[in-house]
Amino acid sequence: MNTPAGLAATPLGKAAGIVRDYVLGMYYVVDEVPRRQRLRLTPVLLGVEYLVYRVDSLAERNAAVDLDAVRGSDYEAFHTYKRAFEKALRLLRAWNDDVAFLVDEAERFIRLENGTTSRGTATREDVLAMVELRPTDVRLLRAMTFALRGRPMNPATRDLLWPVEVLADIANDLRHYEQDVAAGTLNVYAAFVELFGDAAATELRREVDRYEALFLERLSALPPERRARIAEVCRRRYAEAVGPYPRTAGHRPAPAPASPFGTGLRKGVVVGGALTVGALAAAAYRRGRTPASPTPVPLPPHIERGRTS
């Protein structure tokens, strides 16, 4: 576990990779965040993303169990996570209407994924709904940067980045396709293989083309002097989605049976550890920040919050 590969596979390692790829590599560039602010914001965002991955590990372990129907200790732990998450964000002064909306979207994704995987069947609409909701954690990180800076989010760049985040999620699944098939975890390409067989690549490419066309249309509305740089950092995130697709590996195995409730999750330790990271991040952030009342940000319209037509 102490090897670089082992550390990268831990929740903290995964969180660090997300912050590096999305926050440092894309959001700070698109939003033109000053470098001095980046140094204060990044530890906070890393702590939050770590907590997100702890919740994600809970959902993955219960892929075969409908948590709404089987209300055991993991069901209660899920709600403990959400309450702790909101409390931590309010403590960090990283809470506003955009953030609250995305926390609810994250819950919607977890419930949709859990319901779909526990049933063992998924339609095309189910798969696309999940792939559009799955980037909610990175969208949350971006919304937090605006809350922490006391600034409103720009609706134009929010809508511009929405299809990029979806494409990047598809690209990640293509990159990890064989690994996910072997593990029996949710993968959009594997789901399309189950639905469409040999036509899976064609069908998924059709969706990818639709998302990319949406991105390019919105990119054209930006000032000309910004388009090239933004296009570069965004396309870097979803390059695999528009490249050659991997050879299909057949159907995914059924998810492994869930562990008995109460034997695998120590929610007090998990939440406590995550909040410790958040508290340390808050201390690092506040050392370089003068107190200020957060600027209220009106809830954005629901355009692009779900699947586009």
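Caption draft 1: Focus on the overall build of the chain. What the chain contains, in helices and strands, is 13 helices and zero strands. For the chain, buried positions account for 50% of its 309 residues. Within the chain, contacts between residues separated by at least 24 positions form 79% of all contacts whose residues are at least 6 apart in sequence.

Caption draft 2: Here's a closer look at the environment of Arg93. Among the structural elements, Arg93 can be located in the loop between helix H4 (73-91) and helix H5 (97-119). You can call Arg93 partly exposed: its relative accessible area is 31%. On a C-alpha basis, the gap between Arg93 and Arg149 in space is 9.5 Å, while along the polypeptide they are 56 residues apart.

Caption draft 3: Focus on the environment of Leu128. Note that Leu128 resides in helix H6 (residues 124-133). Since its relative accessible area comes to 0%, Leu128 is described here as buried. Spatially, the C-alpha atom of Leu128 lies 9.4 Å from that of Val166, the residues being 38 residues apart in sequence.

Caption draft 4: Structural detail: helix H2 (residues 11-30). With 20 residues, H2 ought to run about 28 Å at 1.5 Å a step, and its terminal C-alpha atoms sit 26 Å apart, in line with that. Directly after H2, the chain includes Glu32, whose backbone phi takes a positive value near 50 degrees.

Caption draft 5: Geometry of the pattern of salt bridges. According to the stated counting rule, one finds 18 salt bridges in the structure shown. The salt bridge involving Arg134 is made with Asp169; its shortest N-O contact spans 2.6 Å. Of this pair, Arg134 sits in the loop between H6 and helix H7 (136-149) while Asp169 sits in helix H8 (residues 155-175), and the two are 35 residues apart along the sequence. Per residue, the accessibility class of Arg134 equals that of Asp169, and both read buried. Between Arg236 and Glu232 there is a salt bridge, with the nearest N and O atoms lying 3.2 Å from each other. Here Arg236 pairs with Glu232, and both are found in helix H12 (residues 224-237), just four residues apart, close to one helical turn. Given the relative accessible area of 46%, Arg236 is considered partly exposed. Salt bridges sharing partners connect three or more residues here, namely Arg124, Glu203, Arg206, Glu207 and Arg210.

Caption draft 6: Region of the structure containing the packing of H5 against H7. Viewed as axis vectors pointing N to C, H5 and H7 meet at an angle of 165 degrees, and their least axial separation amounts to 9 Å. Taken together, H5 and H7 sit at an angle that is classed as roughly antiparallel. For the crossing formed where H5 meets H7, the hand is left-handed. Note on element contacts: H7 touches H5 through Thr136, Arg139, Leu140, Ala143, Met144 and Ala147, opposite Asp98, Val99, Leu102, Val103, Glu105 and Ala106.

Caption draft 7: Geometry of unusual backbone geometry. Not every positive phi belongs to a glycine, and Glu32 is a case in point at roughly 50 degrees. Relative to the helices and strands, Glu32 is located in the loop between H2 and helix H3 (35-61). A positive phi angle, close to 60 degrees, is found at Arg93, a residue other than glycine.

Caption draft 8: The nonpolar core, seen in detail. Among the nonpolar cores identified, the biggest contains 73 residues, and Met26, Val99, Met144, Ile170 and Leu204 are the most heavily contacted of them. Setting aside residues no more than four positions away along its own chain, Ile170 makes contact with Val131, Val188, Leu204, Val208, Tyr211 and Ala241. Within the second largest apolar cluster, five residues are counted, among which are Phe109, Ile110, Leu133 and Leu186.

Caption draft 9: Fine view of H7. Between its terminal C-alpha atoms H7 stretches 20 Å, which fits the 20 Å expected from 14 residues at 1.5 Å a residue. When you tally the buried positions in H7, you get 14 out of 14 residues, the bulk of the element. Phi turns positive, to about 65 degrees, at Gly150, one or two residues after H7.

Caption draft 10: Up close: the confidence of the model for the chain. Of the residues in the chain, 71% reach a pLDDT of 70 or more, and the chain-wide mean stands at 77. The spread of mean pLDDT over the elements of the chain runs between helix H13 (residues 267-286), the lowest at 39, and helix H11 (residues 200-219), the highest at 98. For the stretch residues 61-67, pLDDT sits under 50, and the model shows 27 contacts to residues farther than four places along the chain or on other chains.

Caption draft 11: Up close: the environment of Ala190. Within the element layout of this structure, Ala190 appears in helix H10 (residues 188-196). Relative accessible area serves as the criterion here: at 0%, Ala190 is assigned to the buried category.

Caption draft 12: Geometry of the side chain of Arg158. If you trace the backbone, Arg158 turns up in helix H8. On the accessibility criterion, Arg158 (9% relative accessible area) is buried. Among the polar contacts made by the side chain of Arg158, one reaches the side chain of Asp159 at a distance of 3.1 Å.

Cut-off values and rules
- Note on numbering: residues in each chain are counted from 1, in written sequence order.
- Given that the model is predicted, a residue must reach a pLDDT of at least 70 before its local features are reported, and side-chain atom pairs must reach 80 or more before they are shown or counted; all residues, however, enter totals for whole chains, interfaces and linings.
- Heavy atoms throughout the structure, all of them, feed into the side-chain values; hydrogens and water do not.
- Secondary structure elements follow DSSP: runs of H or I of four or more residues count as helices, runs of E of two or more count as strands, with numbering from the N terminus.
- The buried label applies to any residue whose accessible area, calculated with a 1.4 Å probe on protein chains only, is under 20% of its type's maximum; exposed applies above 50%, and partly exposed to all values in between.
- We call two residues contacting when some pair of their heavy atoms lies within 4.5 Å.
- For a helix, the expected span equals 1.5 Å multiplied by the residue count minus one.
- Salt bridges are identified by distance alone: a Lys or Arg side-chain nitrogen within 4 Å of an Asp or Glu carboxyl oxygen.
- In this analysis an axis means a line fitted to C-alpha atoms, helices contributing only their contacting stretch, and an angle means the value between N-to-C directions, from 0 to 180 degrees.
- Roughly parallel covers angles under 35 degrees, roughly antiparallel covers those over 145, roughly perpendicular covers 65 to 115, and oblique covers all other angles.
- When the near helix sits turned anticlockwise from the far one by under a right angle, the crossing is termed left-handed; a clockwise turn instead gives a right-handed crossing.
- Residues belong to one nonpolar core when they are buried, are Ala, Val, Leu, Ile, Met, Phe, Trp, Tyr or Cys, and are joined through side-chain atoms within 4.5 Å.
- For every residue, the predictor reports its confidence as pLDDT, a number between 0 and 100.
- Any pair of N or O atoms that falls within 3.5 Å is considered a polar contact. Within protein, one atom must be able to donate a hydrogen and the other to accept it, and sequence-neighbouring residues count only if both atoms are side-chain atoms.

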